[in-house]
Amino acid sequence: QGLLCDFAWVQAINRPARMPDMTILFDLPTDVAAHRRGQRGQATERFEVDAFQRQVAEQYGRLGEWLPNVVSVDATQSIEAVTSACLTHLERLM
């Protein structure tokens, strides 16, 4: 639903909200995400369709245009490596 909203409108309604200290964006190609979803052996949910996932990824990629301190983490890595990358970014806030 949010993909159909005007981006300027989304910005406007969020303007009064407190800005996050950091936003971590997990960067994962849609084909890798689809493969991982297939491995879990469950039915595909309606928001897990590849075309929709590409649109969502495109919109999230724009976060840096209006949010401060957006960092990207390569989510193709192992869980341990992704966790380590997140912790490294979070340590900058301490």
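Described below are features of the structure shown in this document. Residue positions are counted from 1 within each chain, in the order its sequence is given. With the structure being a predicted model, the display of local features is reserved for residues of pLDDT at least 70 and the display and counting of side-chain atom pairs for 80 or more, all residues being used for whole-chain, interface and lining totals. Side-chain metrics in this entry use all non-hydrogen atoms of the structure; hydrogen atoms and water are not considered.

### Comments concerning the overall build of the protein chain
Secondary structure elements are taken from DSSP: a helix is a run of H or I of four residues or more, a strand is a run of E of two residues or more, and numbering for both begins at the N terminus. What the protein chain contains, in helices and strands, is 4 helices and 2 strands. N-terminal to C-terminal, the α/β element order of the protein chain is α-β-α-α-β-α. For the protein chain, the spread of C-alpha atoms along the principal axes amounts to about 40 × 35 × 15 Å. The proportion of buried residues among the 94 residues of the protein chain is 17%. A sequence separation of at least 24 residues applies to 72% of the contacts in the protein chain between residues at least 6 apart. By element, 55% of the accessible surface of the protein chain is carried by carbon and sulfur atoms, the whole surface being about 7100 Å². The charge count treats Lys and Arg as positive and Asp and Glu as negative. His and the chain ends do not count. A charge is said to be at NZ when it belongs to Lys, at CZ for Arg, at CG for Asp and at CD for Glu. Averaging the locations of the 9 positively and 12 negatively charged side chains of the protein chain gives two centres separated by 5 Å. With a 1.4 Å probe rolled over the protein chains alone, any residue whose accessible area is under 20% of its type maximum counts as buried; one over 50% counts as exposed, and the rest are partly exposed. In this description, contact between two residues means that some pair of their heavy atoms is separated by no more than 4.5 Å. Shrake-Rupley sampling with a 1.4 Å probe provides the accessible areas, and residues are treated as covered by the protein chains on show and by no other component.

### Here's the deal with the side chain of E48
Residue placement: E48 occurs in the loop between α2 (30-39) and α3 (50-60). Throughout this description, a polar contact denotes any pair of N or O atoms lying within 3.5 Å of each other; where both atoms belong to protein, one of them has to be capable of donating a hydrogen while the other can accept it, and for residues adjacent in sequence the pair is counted only when both atoms sit in side chains. Side-chain polar atoms of E48 contact the side chain of R40, separated by 2.7 Å. Dropping the residues within four chain positions of it, E48 is found in contact with R37, R40, A43 and Q53.

### Concerning the packing of aromatic side chains
Only Phe, Tyr and Trp rings are paired, with Trp represented by its six-membered ring, and only when their centres lie within 6.5 Å; those with planes under 30 degrees apart are stacked, over 60 edge-to-face, the remainder tilted. A full pass over the atoms with the stated rule returns 1 aromatic pair. Centre to centre, the rings of F47 and F52 are 5.5 Å apart; their planes meet at 45°, and the pair counts as tilted. The class for F52 is partly exposed, based on a relative accessible area of 22%.

### Structural notes on the pairing of strand β2 (residues 70-74)
Of the two faces of β2, the one lined by V71 and V73 is fully buried and the one lined by V70, S72 and D74 carries no buried residue. Two strands are said to pair when DSSP picks up at least two bridges between them. By the bridge criterion, 5 bridges tie strand β1 (residues 23-27) to β2 in an arrangement that is parallel. Across the sheet, F26 pairs through a bridge with V73, a residue of β2.

Just geometry here; none of it tells us what the structure is for.
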